[in-house]
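Topology and contacts: notes
Here's the letter readout for the chains.
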Amino acid sequence: MADTAAPNGNGAQGQDLAPAINALAQYAKDLSFENPNAPRSLQPQEGGPQINIQVNVNAQQIAEADFEVELTLEGDAKIQNDVLFAFELKYAGIFRMRNIPQEQIHPAVMIECPRLLFPFARQIVAEAVRNGGFPPLYIDPIDFVGLYQQKMMEAQAAGQGTGAPLAS
């Protein structure tokens, strides 16, 4: 057997050229939970609450290959017009983009980065709601591709085009 490895595409040189998104840090920027009608809101209710959730993604370039991506989840639960609880979470991460073609950086930042952040943000919301005295709220998976396409269509309709700032 030879002591030298034959090139098989798994060497370090191949890894240096492969496209990569690296999460350098993740953090909660803002977390708010309100239970404005406690303890009345914690009593058994007839019927389930109406739950509303809004999702937003913003990003900014902070270095040549580094981006801060912020995933905002806002929501509330109401029965008729009474608020049971309300929350807002801004969860962010610093991501490094390597070997990604320039025309694919915007979609990668606005789709793949929030997709990586979402499970952590979802868990924070679930625990905050549970700690507020309610059953945990597990937010359904989010279609970040669809959200990105919707925001791009809105930007084009507004005359901004795809070179719009990194915000969705």
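What comes next concerns the included structure. It should be emphasised that the depicted structure is a prediction, and the values quoted were computed from it without experimental measurement.

What counts and what doesn't
- Residues numbered from 1 in each chain as written.
- Predicted model: local features only at pLDDT ≥ 70, side-chain atom pairs only at ≥ 80, totals over all residues.
- Heavy atoms only, no water.
- Salt bridge = Lys/Arg side-chain N within 4 Å of Asp/Glu carboxyl O.
- Helix = DSSP H or I, 4+ residues; strand = E, 2+ residues; numbered from the N terminus.
- Buried < 20%, exposed > 50% of the residue type's maximum accessible area, 1.4 Å probe, protein only.
- Phe/Tyr/Trp six-rings, centres within 6.5 Å; stacked < 30°, edge-to-face > 60°.

1. Some remarks on the pattern of salt bridges
Tallied over the full model, the rule gives five salt bridges. Measuring nitrogen to oxygen at the nearest pair gives 3.2 Å for the salt bridge that ties Glu-70 to Lys-29. Of this pair, Glu-70 sits in strand β3 (residues 66–79) while Lys-29 sits in strand β1 (residues 20–34), and the two are 41 residues apart along the sequence. Of the residues examined, Glu-70 reaches a relative accessible area of 13% and is grouped as buried. Overall, Lys-29 belongs to the partly exposed group, its relative accessible area being 42%. Of the charged contacts, one joins Arg-115 and Glu-112 as a salt bridge, the two residues approaching to 3.1 Å between their closest N and O atoms. With a gap of three residues between them, Arg-115 and Glu-112 both fall in helix α2 (residues 102–131), about one helical turn apart. Salt bridges sharing partners connect three or more residues here, namely Lys-29, Glu-68 and Glu-70.

2. Topic: the packing of aromatic side chains
Where two aromatic rings form a pair, the distance of their centres and the angle of their planes describe that pair. The full count for this structure, using the stated rule, is three aromatic pairs. Plain terms: the ring middles of Phe-85 and Phe-134 are 5.0 Å apart, the flat faces sit at 50° to each other, and that makes the pair tilted. Highlighted residues: Phe-85 in strand β4 (residues 82–98) and Phe-134 in the loop between α2 and α3 (144–157), separated in sequence by 49 residues. Each member of the pair, Phe-85 as well as Phe-134, is classed as buried. Connected via pairs of aromatic rings, a cluster forms that spans Phe-33, Phe-85 and Phe-134.

Any functional reading would require information that these geometric values do not contain.
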